Amino acid sequence: MKVAYSEYEGGKALLRSYINDGSSHRIYSGFRFYWTLMNKNLLLSLSPEWDFYRITGLYAKSLNSLFVSGSASYYVGDFFFEGRYKMRAKDLNQETGVI
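Residues numbered from 1 in each chain as written. Predicted model: local features only at pLDDT ≥ 70, side-chain atom pairs only at ≥ 80, totals over all residues. Heavy atoms only, no water.

**A look at the environment of Ser23**
Note that Ser23 resides in the loop between β2 (13–19) and β3 (24–30). The exposure class assigned to Ser23 is partly exposed, which follows from its relative accessible area of 34%. Sequence spacing of Ser23 and Ala60 is 37 residues, and the spatial spacing of their C-alpha atoms is 9.3 Å. With residues near it in sequence (within four places) discarded, Ser23 still touches Arg54, Ile55 and Thr56. A polar side-chain atom of Ser23 sits 3.3 Å from a polar atom in the side chain of His25. (Helix = DSSP H or I, 4+ residues; strand = E, 2+ residues; numbered from the N terminus. Buried < 20%, exposed > 50% of the residue type's maximum accessible area, 1.4 Å probe, protein only. Contact = heavy atoms within 4.5 Å. Polar contact = N/O pair within 3.5 Å; in protein donor to acceptor, adjacent residues only side chain to side chain.)

Here it is as structure tokens:
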């Protein structure tokens with residue numbers, strides 16, 4: 001990660017940005033389970049997921065993140081109501097290397 005500065009509005013200020021001097025890799029994997037209940041009016045889903053990030057270069061970092069998301073949908077005629085949930089998970093910014 002390198003720091004670069006550029007002028008803003010004709011030199012009135014400097015903007016700091018980060019340049020990755022390596023490469024970044026991301027692998028994502030997950031699957032979803034579905035259940036139907038109440039004459040197929042209620043649909044439940046559960047999805048365990050895995051994310052792997054890796055940045056190479058001078059300030060190399062990596063992050064493994066496991067999380068679970070789920071949803072419930074209830075169908076009434078032509079309409080449906082839906083609720084979703086996702087566990088908090090960490091993320092690795094591939095530009096700045098911040099977790």
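Further notes follow.
**Considerations on the environment of Val68**
Assignment of secondary structure puts Val68 in strand β6 (residues 61–76). Accessibility expressed as a relative area gives 29% for Val68, which makes it partly exposed. Between the C-alpha atom of Val68 and that of Ser6, which follows or precedes it by 62 residues, the distance is 41 Å. Leave out the neighbours within four places in its chain, and Val68 touches Leu46, Ser47, Pro48, Tyr85, Lys86 and Met87.

**Focus on the confidence of the model for the protein chain**
Taken over all residues, the pLDDT of the protein chain has a mean of 86, while the share at 70 or more is 91%. Element-level mean pLDDT values for the protein chain span from 79 in strand β1 (residues 2–8) up to 96 in strand β4 (residues 33–37). (pLDDT = per-residue confidence, 0-100.)

**Considerations on the layout of surface pockets**
Where empty space is left can be seen by rolling a probe of water-molecule size over the atoms. The volume enclosed by the largest pocket comes to roughly 190 Å³. The wall of the largest pocket is formed by 13 residues, among which Arg32, Ser45, Gly70, Ser71 and Arg84 lie closest to the centre. Elements supplying a minimum of two residues to the lining of the largest pocket: β5 (42–55), β6 and β7 (79–86). Here the lining of the largest pocket takes 5 residues from β6, the largest share from any one element. (1 Å grid on protein atoms, 1.4 Å probe; cavity = no way out; pocket = protein on both sides within 12 Å on 5 of 7 lines; lining within 4 Å. Points joined across faces, edges and corners; volume = space filled by probe spheres on them.)

**Side note on the pattern of salt bridges**
In this structure the tally under the stated criterion is 2 salt bridges. Of the charged contacts in the structure, one is a salt bridge between Arg26 and Asp51, with a shortest N-O distance of 2.9 Å. Here Arg26, found in strand β3, pairs with Asp51, found in strand β5; they are 25 residues apart in sequence, far enough to count as distant. For Glu82, the salt bridge is made with Arg84, and the minimal N-O distance between the two is 3.3 Å. (Salt bridge = Lys/Arg side-chain N within 4 Å of Asp/Glu carboxyl O.)

**Some words on a nonpolar patch on the surface**
Together, Leu37, Met38, Tyr74, Val76 and Phe81 give the surface a local cluster of nonpolar side chains, amounting to about 490 Å² of exposed area. Residue placement: Val76 occurs in strand β6. (Patch = residues over 30% accessible without salt bridge, like charges linked within 9 Å, V, L, I, M, F, W, Y side chains within 5 Å. Areas by Shrake-Rupley, 256 points an atom, 1.4 Å probe, with all protein chains shown as cover.)

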